[in-house]
Amino acid sequence: MQNFKNRRLSEDIKREISSLILTEIKDPRVNSGLVSVVRTELSGDNSHCKVYISSLEGIEAAKSAVKGLESAGWIFKKAISNKLHLKKCPELKFIADNSIEHSAEIERMLENISSAEDNGDEAAEENSEE
């Protein structure tokens, strides 16, 4: 279980990586689609950090973005160390995640159900009027 300081540092790293993706990273693999940092998991001794990356375009785009982010890992480490005043920056491990794609799929399903119910209500109203 993470303590407060560990969770706060994890969120700070997530925020910093998200900012760097938008401003500093010019790799087309990363900028090709909507790429987002979903969550970060920092180890208890702050030596390793798992960074979960997701893309609205799907898991393949996220995997491609992970390759681009891994090649620019030194940029993240340098910026995180400077911005957060860390003596030793954790090793960053980027992991592709499909949670954004999954949530978009659920959203579409809910919209389909909602529209089907609306169509069913309209059909019931038309039948009761006759």
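Above: the structure in question.
What you see is a predicted model; the values in this text were computed from it and never measured.

Bringing the pattern of salt bridges into the picture now. The full count for this structure, using the stated rule, is four salt bridges. Ionic pairing is found between arginine 39 and glutamate 41, a salt bridge with its closest N-O pair at 3.3 Å. With relative accessibility at 36%, the residue arginine 39 sits in the partly exposed group. Notably, a salt bridge pairs glutamate 91 with lysine 77, separated by 2.8 Å at the nearest N-O pair. Placement of the pair is glutamate 91 in strand E3 (residues 91-97) and lysine 77 in helix H4 (residues 73-84), with a sequence separation of 14 residues.

Next up on the list: the nonpolar core. Judged by nonpolar contacts, the single largest core of 23 residues is most densely connected at Ile13, Ile17, Val51, Ile53, Phe76, Leu92 and Phe94. Per-element accounting of this core gives the leading share, five residues, to helix H1 (residues 4-23).

A few words on the packing of H1 against H4. Each pair of packed helices can be summarised by the angle the axes make with each other and by the distance between the axes. Running from amino to carboxyl end, H1 crosses H4 at an angle of 125°, the nearest separation of the two axes being 10 Å. Taken together, the axes of H1 and H4 lie oblique to each other. You can see that H1 and H4 cross each other, and the crossing is right-handed. The residues of H4 that touch H1, namely those facing Leu9, Asp12, Ile13, Glu16, Ile17, Leu20 and Ile21, are Ile75, Phe76, Ala79, Ile80, Lys83 and Leu84. Split into classes, the residues belonging to the contact of H1 with H4 amount to 10 nonpolar, no polar and three charged.

This part covers the packing of aromatic side chains. Counting across every chain of the model gives one aromatic pair. Seen in terms of ring centroids, phenylalanine 76 and phenylalanine 94 are 5.5 Å apart; in terms of plane orientation they differ by 55°. Their pairing is tilted. On the criterion of sequence distance, the pair formed by phenylalanine 76 in helix H4 and phenylalanine 94 in strand E3 is long-range, its members being 18 residues apart. The exposure class assigned to phenylalanine 76 is buried, which follows from its relative accessible area of 0%. The exposure class assigned to phenylalanine 94 is buried, which follows from its relative accessible area of 4%. One cation-aromatic arrangement involves arginine 39 over tyrosine 52; the distance from NZ or CZ to the ring centre is 3.9 Å.

Now for the sheet that holds strand E1 (residues 35-42). If you trace the three strands from one edge of the open sheet to the other, you get E1-E2-E3, paired in mixed fashion. The open sheet has two edge strands, E1 and E3, and neither has a second partner. In this sheet, adjacent strand axes meet at a mean angle of 25° when their direction is disregarded. Sheet topology note: the E1/strand E2 (residues 48-55) ladder contains seven bridges and is antiparallel. Bridge assignment links serine 36 to a residue of E2, and that residue is serine 54.

Counting buried positions over the eight residues of E2 gives six, a clear majority of the element. Taking the residues that link successive antiparallel strands as the turn, the E1-E2 hairpin has five residues, and the phi of asparagine 46 there is positive, at about 60°. The sheet contact formed by E2 and E3 spans seven bridges and is parallel. From the neighbouring strand, tyrosine 52 faces E3, where its bridge partner is isoleucine 95.

What counts and how
Residues numbered from 1 in each chain as written. Predicted model: local features only at pLDDT ≥ 70, side-chain atom pairs only at ≥ 80, totals over all residues. Heavy atoms only, no water. Salt bridge = Lys/Arg side-chain N within 4 Å of Asp/Glu carboxyl O. Buried < 20%, exposed > 50% of the residue type's maximum accessible area, 1.4 Å probe, protein only. Helix = DSSP H or I, 4+ residues; strand = E, 2+ residues; numbered from the N terminus. Core = buried A, V, L, I, M, F, W, Y, C linked by side-chain atoms within 4.5 Å. Axes fitted to C-alpha atoms, helices over the stretch in contact; angles between N-to-C directions. Parallel < 35°, antiparallel > 145°, perpendicular 65-115°, else oblique. Left-handed = near helix turned anticlockwise from the far one by under 90°. Contact = heavy atoms within 4.5 Å. Nonpolar A, V, L, I, M, F, W, Y, C, P; charged D, E, K, R; others polar. Phe/Tyr/Trp six-rings, centres within 6.5 Å; stacked < 30°, edge-to-face > 60°. Lys NZ or Arg CZ within 6 Å of the ring centre and 35° of its normal. Pairing = 2+ DSSP bridges.

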